[in-house]
Each structure stands twice: as C-alpha cells, then as structure tokens.
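Structural overview
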Amino acid sequence: MKDTLILGIESSCDETAAAIVKNGQEILANIINSQISIHQQFGGVVPEVASRKHIENIAPVVATAFREAGLKYNDIDAVAVTNRPGLIGALLVGLSFAKAFAYGLGKPLIAVDHLQGHIWANILEHREIEFPAICLVVSGGHTSLLYMEDMGTSRLIGQTRDDAAGEAFDKVARFLGLGYPGGPAIQKAAEQGTAGIYHLPRVFLDRNDYEFSFSGLKTAAMNLWIKQSRRGEVRVEDMAAEFQAALVEILVEKTIRAANNYQVRSIMLAGGVAANQSLRQLMTIRAQQEGRQLFYPALGLCTDNAAMIAGKAYFDYITGNFAPLNINAQPSLNSL
Ligand code: KG4
Ligand code: ZN
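Keep in mind that this is a model prediction, so the values were computed, not measured.

Reading the values: the criteria
Residues numbered from 1 in each chain as written. Chains lettered and ligands numbered in written order. Predicted model: local features only at pLDDT ≥ 70, side-chain atom pairs only at ≥ 80, totals over all residues. Heavy atoms only, no water. Domains from an automatic or database assignment. Contact = heavy atoms within 4.5 Å. Buried area = accessible area lost by both parts, 1.4 Å probe. Salt bridge = Lys/Arg side-chain N within 4 Å of Asp/Glu carboxyl O. Polar contact = N/O pair within 3.5 Å; in protein donor to acceptor, adjacent residues only side chain to side chain. Helix = DSSP H or I, 4+ residues; strand = E, 2+ residues; numbered from the N terminus. Axes fitted to C-alpha atoms, helices over the stretch in contact; angles between N-to-C directions. Left-handed = near helix turned anticlockwise from the far one by under 90°. Nonpolar A, V, L, I, M, F, W, Y, C, P; charged D, E, K, R; others polar. Buried < 20%, exposed > 50% of the residue type's maximum accessible area, 1.4 Å probe, protein only. Arc of directions from axis to C-beta.

1. Here we look at the domain arrangement of the protein chain
- The domain architecture assigned to the protein chain consists of domain 1 (5–118 + 302–319) and domain 2 (130–297).
- The distance between the C-alpha centroids of domain 1 and domain 2 comes to 27 Å.
- With 14 residues of domain 1 at the interface, the matching set in domain 2 holds 14 residues.
- Taking both sides of the interface into account, the surface hidden between domain 1 and domain 2 amounts to around 1,100 Å²; carbon and sulfur atoms contribute 68%.
- Among the residues domain 1 hides against domain 2, the three largest losses belong to L115, H118 and C302. Together they make up 45% of the total.
- Our count for the contact surface shared by domain 1 and domain 2 stands at 0 salt bridges.
- Between domain 1 and domain 2 we count 2 residue pairs in polar contact (both at pLDDT 80 or more) in total.
- Counting residues per element, the ones that place at least two in the side of domain 1 that touches domain 2 are α1 (36–40) and α4 (114–120).

Structure follows, in structure tokens:
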C-alpha cells in the first residue's frame, strides 16, 4: 500500500507547530515554535499576542517541517489542522493557513479536535495498546476521563467541574511566585520539598464518581500559604510538593478506580500535565499493582505539538472524514 503523508498544523494556544507524519505513526518532522518566553512576562498567555505571533511564525514553521522531512509541498496527501477547542484568534491563524495550503495544492483538508490529538500522541509510539482503555486527558484546559472502546470511539465518563489540572498548576505556581508555565515550575520546586509537611485536601476522592474539582484545592493551597506566611514559617518547596502530591493522588486514584470498574486492559495518559514526573511515577506503580498496562507519550509529545494532529488525521484520512473549506474554528471546550 502507498504511504500516506500528512501535514499537521497546530496553533490553538501559544505554540505554532507543524509536523509531517507517515501512516499515522512515523514522525518525519515535528517543528514547534513556542511563545513561552513572550508570555512569561505577563504570567500567562495573552490571546491577542499569541494570534499575532502565530501569523509571523506559521509560514516559516511549515516550510521548516518540509525541509526537515526532505519533502516537497506536493508530496503530502492531506493537510490536517486543529480547529477546536482553543483560543479563537489563535485557531483561526492555523485554520486559515491550512485551508489556503490545501486549496492551493488541491489536497483534502482534515479538521482535528485538539484533545483527540493529545490522545493520539500515545499511538505515535505505542502500536500495542489493547482496548478497551481508560484515558486520562490532563492539560491546561481539560481534565477528562474517557472510556475508549477503540481509537475511534470514546465516551466521557467524568471531568472537572471547574479548573483543569494544568490550570490549577499554573494558578498556584503564579501565586507562589514560581513563574509560567506552572506545571514544570511546581514540579521543579517540589523536587526540593517534602509532601505532608503541609496538608491539602484530596478533593472529591471520597466521591464514588469520576468528577474532579481543582478550584477548591487551589484555594486551599493559597489560603494555607497566606496563613503560614503570616506566621513566618513558609517553605515554597514543601508547599509545591504537597500541592503536586494532592493533585496527582486524586488523578491517579480516580483513573485506577475507573480502570477497575470498567475492567479495561490499558490506561492511557494524555495532555501537557501527563509530562509530570510524579504523575507518571505514581500511575506506573498503581497500574502495576492493579495489573493494568500503562501508556503515556514521550515528554515532547505530551505538550502541544502538530505530530499528534497529523497522527489523528490519518485515522480520518483512511475513513474519508474530510472537512469542507468553509469549516470554522470552535473555541468551545465541550468537544469530547
Ligand atoms: O497540553 P498542553 O500543552 O496545552 C493545552 O492543551 O492546554 O498543556 C499545558 C499545561 C499547562 O497548564 C502546563 O503547566 C502543564 O500542561 N504542564 C505540566 C507539566 N508540563 C506542562 N504540569 C505538570 N507537570 C509538568 N511537568
Ligand atoms: Zn494541548
């Protein structure tokens, strides 16, 4: 069978990314232009700035992907792009570019859900995943547990009621003066600290469902920090360690509970927070104890990238699920 080469484009937040993936698995190029250093000074992503930077970056990033893969524009079979969910202005830059590129080349356009892309990051590396599986998607905008019949069929079984896990990491890190993005900053501080010196609640862990709430955990961390600061006894590393431990324990135990109740073979992690070492470690131990196979993407494929978009699009390509050129971007978060 002829190889299928798909160009993926991702611009839903603060990364301008382009990748070329062969047959949904083999990454030929994976270019990511991160705007983190630009947004750092504001303590978070500024949507208008992100859109403008995407406009500057998109053409060179795509050109670099082709150069790296050693391919000509006409060699690809389809153009895939994230069209939902995300910052509307940021999404529109990638989508408009992808439409023009596909139209100019006479190739089909494939619209990809960013979250489905995150899940696909697992498939880029692991062909051996056995279904059904439970997938925990944890990013800056999402905390969702999915029951996956196979790669194409998923059902949402629980999600956060308020803040996403990554959002909680980012907000608490900002409050503690640890900088942006908060997940890696808290992880680094936590390595020098000890969990359990301060105590934070394991919110919703006592509930027998798959719902999460991280806003309360975030507020508890902030209140405890203020109280301890007044007493003059604060160690930011210990607070970071306890916050990370509480959040990770909730994520891990709810995921394991779901895997046991649904009797699945495999557990998958996806999204930026899946890069967290503590989450990976505890989930590995617990999955082993319960006899479940655990899969997570390589670090660089957990956070936003276009290889996962081109990978997911392969599935759409073989099923003929193409997008019309008048398709729009959708900022909304309820896409799964
Ligand atoms: O998937 P992603 O790159 O973008 C979204 O789709 O939101 O996820 C970004 C989120 C941020 O909140 C960031 O703080 C978090 O992932 N993150 C981490 C780590 N690396 C990134 N959280 C915890 N530990 C990490 N090592
Ligand atoms: Zn993402």
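2. With respect to the packing of helix α6 (residues 182–191) against helix α8 (residues 236–261)
- The geometry of α6 relative to α8 is characterised by a closest axis approach of 7 Å and an angle of 115° between their N-to-C directions. Crossing of α6 over α8 shows left-handed handedness. Along the contact surface, α6 presents I186, Q187, A189 and A190, while α8 presents E237, A240, A241, F243 and Q244.
- Split into classes, the residues belonging to the contact of α6 with α8 amount to 6 nonpolar, 2 polar and 1 charged.

3. Looking at helix α5 (residues 165–175)
- For α5, the full list of buried residues reads A165, G166, A168, F169, V172 and A173. The buried residues of α5 occupy an angular sector of 160° when the element is viewed end-on, so they sit on one face.
- Packing partners of the buried residues in α5 comprise β6 (133–138), β7 (143–150), α6, α7 (215–231) and α8.
- Taken from the residues just after α5, G177 is the one with a positive phi, measuring 75°.

4. A short note on the side chain of S11
- Considering the arrangement of structural elements, one finds S11 in the loop between β1 (5–10) and β2 (15–22).
- Of the polar contacts made by the side chain of S11, one reaches the backbone oxygen of A90; its length is 2.7 Å.
- Excluding residues within four positions of it along the chain, S11 makes contact with H54, A90, L91, V93 and G94.

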